[in-house]
Amino acid sequence: QVQLVESGGGLVQSGGSLRLSCAASGNIFTIYYMGWYRQATGKPRELVASINSEDSTNYADSVKGRFTISTDGAKNTVHLQMNNLRPEDTAVYYCKLMKLGRAYWGQGTQVTVSS
């Protein structure tokens with residue numbers, strides 16, 4: 001069993017920055033993948049950024065050059081540094097972890113970017 005605890009969401013003005021964090025606990029020794037997804041009101045959930053056990057990263061086109069995903073040395077915590085935020089980034093952001101073929105999700109944290 002794996003538990004995920006997210007932090008860092010909030011309200012920020014356009015052009016500002018936020019840093020989201022997701023800490024994994026429990027059996028975390030065989031983590032394969034960690035990522036951030038977001039879901040805006042009335043829209044489907046979409047991948048924002050991900051990083052795998054080989055430190056390969058993937059970003060949505062809309063956030064390339066603005067967001068950076070990273071993990072700590074033990075790869076049990078994933079961060080999403082969000083710079084130059086735009087109103088269209090407003091969404092609930094979810095942390096996702098994959099381990100031995102099973103997906104685990106955080107509770108979600110609201111990010112709101114004002115004009």
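Residues numbered from 1 in each chain as written. Predicted model: local features only at pLDDT ≥ 70, side-chain atom pairs only at ≥ 80, totals over all residues. Heavy atoms only, no water.

Asker: Explain the packing of aromatic side chains here, please?
Answerer: The geometry of an aromatic ring pair is captured by two quantities: the separation of the ring centres and the angle between the planes. All told, the structure shown has 2 aromatic pairs when counted by the stated rule. A centroid spacing of 5.1 Å and a plane angle of 65° characterise the contact between Tyr 37 and Trp 105, whose relative ring orientation is edge-to-face. Note that Tyr 37 is positioned in strand S4 (residues 31–39) and Trp 105 in strand S10 (residues 102–105), a separation of 68 residues in sequence. Using a relative accessible area of 36% as the deciding quantity, one classes Trp 105 as partly exposed. (Phe/Tyr/Trp six-rings, centres within 6.5 Å; stacked < 30°, edge-to-face > 60°. Helix = DSSP H or I, 4+ residues; strand = E, 2+ residues; numbered from the N terminus. Buried < 20%, exposed > 50% of the residue type's maximum accessible area, 1.4 Å probe, protein only.)

Asker: What is the right way to read unusual backbone geometry from this model?
Answerer: Negative phi values dominate among residues other than glycine, just as trans dominates among peptide bonds. For Asp 55, which is not glycine, the phi torsion reads 65° and is therefore positive. Within the secondary structure, Asp 55 sits in the loop between strand S5 (46–52) and strand S6 (57–59). Phi angles above zero are rare outside glycine, and Leu 100 is one such case at about 50°. If you trace the backbone, Leu 100 turns up in the loop between strand S9 (91–99) and S10. Judged by relative accessible area, which is 69%, Leu 100 ranks as exposed.

Asker: Explain the pairing of S10 to me, please; I cannot follow it from the model alone.
Answerer: Side-chain positions along a regular strand alternate between the two faces of the sheet. One ladder, built from 4 bridges, connects S9 with S10; its direction is antiparallel. From the neighbouring strand, Leu 97 faces S10, where its bridge partner is Tyr 104. Counted along the chain from S9 to the antiparallel partner S10, the turn is 2 residues long, and its residue Leu 100 has a positive phi close to 50°. (Pairing = 2+ DSSP bridges.)

Asker: Before we go on, may I ask you to explain the state of the cysteines in this structure?
Answerer: Covalent bonding between the sulfur atoms of two cysteines defines a disulfide. Within the structure shown, the criterion is met by 1 disulfide. Two residues, Cys 22 and Cys 95, share a disulfide whose sulfurs are 2.1 Å apart. Judged by the sign of its S-S torsion, about -85°, the bond between Cys 22 and Cys 95 is left-handed. Taken together, the positions of Cys 22 in strand S3 (residues 18–26) and Cys 95 in strand S9 put the pair 73 residues apart, joining distant regions of the chain. Comparing Cys 22 with Cys 95, the two get one shared label, buried. (Disulfide = S-S within 2.5 Å.)

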